[in-house]
Amino acid sequence: MTQFFNNIEPNVIDDEILQKAIEEKCPEDLGDIARKESINVKVVTEIQFSFKNILQIANLWPLENLTKLQLDNNVIEKIEGLESLVHLVWLDLSFNNIEVIEGLDTLVKLQDLSLHNNRISTIEHMDTLQELQIFSIGKNNLTFLEDVIYLRRLKSLQTLNLSGNPFCSEEHYRLFVVAHLPSLVYLDFKLVRNSTVRFLHSLLGKSGSSILQSLCFVALGAGSLQKSGSQKHTAAFVEYLNGPFLFDSLHEEDGEATKLVSLPGVEELLQAYPSWFVSVCESLYNYGLEEYEKREAEVSKFYKRFHEILAVNQEESKRIISAFESRNERRLDELYQDRSGEIADSKRAQGKEEIQQLWDALMTLEALVSNDLEELLQDFKRSIDVIASTFTENIQGIYPFHTFSLTMFCTFSQCRDLENQHFEKVMEIVQATLKKITLFELEEDFPDDLRPLFEDKTTVVNIISVSHSIRLRKIDKRESDMLSNTYQW
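By convention here, each chain's residues receive numbers from 1 onward along its written sequence. Only residues with pLDDT of at least 70 get local features here, since the model is predicted, and only at 80 or more are side-chain atom pairs given and counted; chain-wide, interface and lining totals rely on the full set of residues. Working from all heavy atoms in the structure, the side-chain values ignore hydrogens and water.

Our next topic: the overall build of the chain. Helix and strand assignments come from DSSP, with helices taken as H or I runs of at least 4 residues and strands as E runs of at least 2, each series counted from the N terminus. Looking only at helices and strands, the chain features eleven helices and ten strands. Only protein chains enter the calculation, and the probe is 1.4 Å; a residue is then buried if its accessible area is under 20% of its type maximum, exposed if over 50%, and partly exposed in between. In the chain, buried positions account for 42% of the 489 residues. In this description, contact between two residues means that some pair of their heavy atoms is separated by no more than 4.5 Å. When contacts within the chain are restricted to residue pairs at least 6 apart in sequence, long-range pairs at least 24 apart make up 56% of them. The Shrake-Rupley method, run with a 1.4 Å probe, gives the accessible areas here. Residue values count only the displayed protein chains as cover. Carbon and sulfur atoms provide 52% of the accessible area of the chain, an area that totals close to 26600 Å².

This next bit is on helix α3 (residues 173–180). Across the eight residues of α3, six count as buried, placing the element largely inside the fold. Within the span of α3, buried status applies to Tyr173, Phe176, Val177, Val178, Ala179 and His180.

Right, let's talk about the confidence of the model for the chain for a bit. The pLDDT score gives, residue by residue, the confidence of the prediction method on a 0 to 100 scale. Mean pLDDT over the chain: 78, with 81% of residues reaching 70 or higher. Between residues 198–211, whose pLDDT stays under 50, and residues either more than four places distant or in other chains, the model counts 28 contacts. Contacts for the low-pLDDT stretch residues 217–228, under 50 throughout, to residues beyond four places or in other chains number 27 contacts.

Given the number of residues in a helix, its expected span is that number minus one, multiplied by 1.5 Å. With 27 residues, helix α10 (residues 412–438) should reach 39 Å at 1.5 Å per residue; the first-to-last C-alpha distance of 39 Å fits that figure. Just downstream of α10 lies Phe440, where phi reads positive at about 55°.

A pair of strands counts as paired when DSSP detects no fewer than two bridges linking them. Ordered in space as β2-β4-β5-β6-β7-β8-β9-β10, the eight strands form an open sheet in which the pairing is mixed. Single-partner strands in this sheet number two, and they are β2 (46–48) and β10 (190–191). The sheet contact formed by strand β9 (residues 186–187) and β10 spans two bridges and is antiparallel. Each residue of the ladder has a partner; that of Leu187, found in β10, is Lys190.

Before going further, it helps to examine the pattern of salt bridges. Salt bridge criterion: a side-chain nitrogen from Lys or Arg within 4 Å of a carboxyl oxygen from Asp or Glu. As enumerated under the stated definition, the model contains ten salt bridges in all. Across the pair Arg153 and Asp127 runs a salt bridge, and its minimum N-O distance is 2.8 Å. Residue Arg153 is found in the loop between β7 (134–136) and β8 (159–161), and its partner Asp127 is found in the loop between β6 (112–114) and β7; the two are separated by 26 residues along the sequence. Here Arg471 ties to Glu419 by a salt bridge, and the two come within 3.5 Å at their closest N and O atoms. Of the two residues, Arg471 sits in helix α11 (residues 457–488) while Glu419 sits in helix α10, which places them 52 residues apart along the sequence. Pair check on accessibility: Arg471 and Glu419 agree, each one buried. Taken together, the shared-partner salt bridges connect Arg416, Asp476 and Glu479 into one network.

This part covers the nonpolar core. Generally speaking, nonpolar side chains in soluble globular proteins are found buried as a group. In this structure, Phe49 and Leu69 are the most contacted members of the largest nonpolar core, which totals 54 residues. Secondary structure elements with two or more residues in this core: α1 (15–25) and α3. Once you skip the residues sitting within four places of it in the chain, Phe49 turns out to touch Ile13, Ile17, Leu18, Ala21, Ile54, Leu60, Leu69, Gln70, Leu71, Asp72 and Asn74. To define a nonpolar core, start from buried Ala, Val, Leu, Ile, Met, Phe, Trp, Tyr and Cys residues and group those joined through side-chain atoms within 4.5 Å.

Moving on: the environment of Glu64. Considering the arrangement of structural elements, one finds Glu64 in the loop between β3 (54–56) and β4 (68–70). Judged by its relative accessible area of 35%, Glu64 is partly exposed. Along the chain, Glu64 and Leu85 lie 21 residues apart, while their C-alpha atoms are 5.5 Å from each other. Setting aside residues up to four positions removed in sequence, Glu64 forms contacts with Lys42, Ser84 and His87.

Within a pair of aromatic rings, the relevant descriptors are the distance that separates the centres and the angle that separates the planes. Classification of ring pairs rests on two measures: the distance between centres of Phe, Tyr or Trp rings, Trp counted by its six-membered ring, which must be within 6.5 Å, and the angle between planes, read as stacked under 30 degrees, edge-to-face over 60 and tilted in between. Considering all chains together, one arrives at nine aromatic pairs under this definition. A connected cluster of aromatic rings, assembled from ring pairs, spans Phe302, Tyr303, Phe306 and Phe380.

A few words on the environment of Asp92. With respect to the helices and strands, the residue Asp92 is situated in strand β5 (residues 90–92). With 21 residues separating them in the primary sequence, Asp92 and Leu113 have C-alpha atoms 6.0 Å apart. If we skip the residues at most four places from it in the chain, Asp92 touches Leu69, Gln70, Leu71, Asp72 and Ser114.

Structurally, Phe247 can be placed in helix α7 (residues 245–250). Among residues more than four places away in sequence, those in contact with Phe247 are Tyr273, Pro274, Phe277 and Val278.

We now examine unusual backbone geometry. With phi around 55°, Phe51 is a residue other than glycine that occupies positive phi space. Here Phe51 is to be found in the loop between β2 and β3. A positive phi angle is found at Asn117, which is not glycine, with a value near 55°. As for its position among the elements, Asn117 is in the loop between β6 and β7.

It is worth spelling out the state of the cysteines at this point. As used here, a disulfide is simply a covalent bond connecting the sulfur atoms of two cysteines. Criterion for a disulfide: a pair of cysteine sulfur atoms within 2.5 Å. Taken as a whole and assessed by the stated rule, the structure comprises zero disulfides. You can see Cys415 has no disulfide; the closest cysteine sulfur is in Cys281, sitting 4.6 Å from it.

Written out as structure tokens, the structure reads:
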């Protein structure tokens, strides 16, 4: 509602605004008392500040018995000043400019909360709202569907509105929400049908974890694979491996060690070392992209089969229901014509029996689709486990690659080996230089900026060793990041 207030000075809730709101909301006689005494009345339980162009919530602490508070259609940017309203049951902060959910910790009795039409991007800081039953956070900036899982901790939540957020356009949005919040009765102003809940419950595997939740995560994983450019590199866990980026980062903190480049013999080493190192990184990069394509293919295959199972189930369900309707349409006509007597009783009994048969047939279909989905999910997990384990073993160098083009240089162990070899060769040159200094055989054209480093053997050795250790840690960190991302996928 900000556009309506562009030319109006924003307000803070002060004594005057508070007093006027009490007078408007309270019964006439109580309002008269408030006007005469010019004080806030503790018996006030409801108050409204809608369309007041309020920017900041303040001065509500005297209303200690307030149970209902309306602050909608203002320009509020931060939830604050509500700590003392511990009896609040109903709070409306819709149509404001709020970006973060905060300041609600003491409102433990809150049952109905509206944050509709704000600028919120994350669902958070609601752990204490265990009595919350109705929550509206539609038309905000929620983009990650996984954030909905946070609401599982609100055990009393029955009505939820998320409509109008970016993640609502995702294909399995409603299914995902209902799967993770099974106690919901209404979602986005629509009744969560008992048949949907019953279907979700039928998908509980032997281990007790919900198959459907896993399927939804697979769906989200599939979406994450639809990337291009740098996003694709991130999804493949190979960002910054297609070039000298990792090598360059190893030398960012060399400090005094950079001076050793001018040491005779070191420059020649640096002509070969970077190219070998970059070659290993590029091999890792190409291998990571190949594995990414394999994962993408597995997810696509999974999704195709997933839709096939549901489609077959839906068609068979429609066929059974259609046949039932055709048979019973005639029976209903006959019952209408003959409402009493033995024939009518017999037809009613037949109708009840057919309803039971319909129920049994649909429940059998539901059990079959549950089994098919469980089997599909287990097959998918096995395939992904094989792909992931092979990938992690190869990048660590536990087993050799099976592709000839990737056999020689494509593990982080190779990166470490190259760095160790370079360190040893540099150390040999340094030791030889130190020996020349001891024997007074150092060349006259020895670089002046290196002489202070070689005044003390311990100094130069420590400089090289520390630089080497930092480089190895960076290689280890990059390997650890790739492994961690693979395990989390």
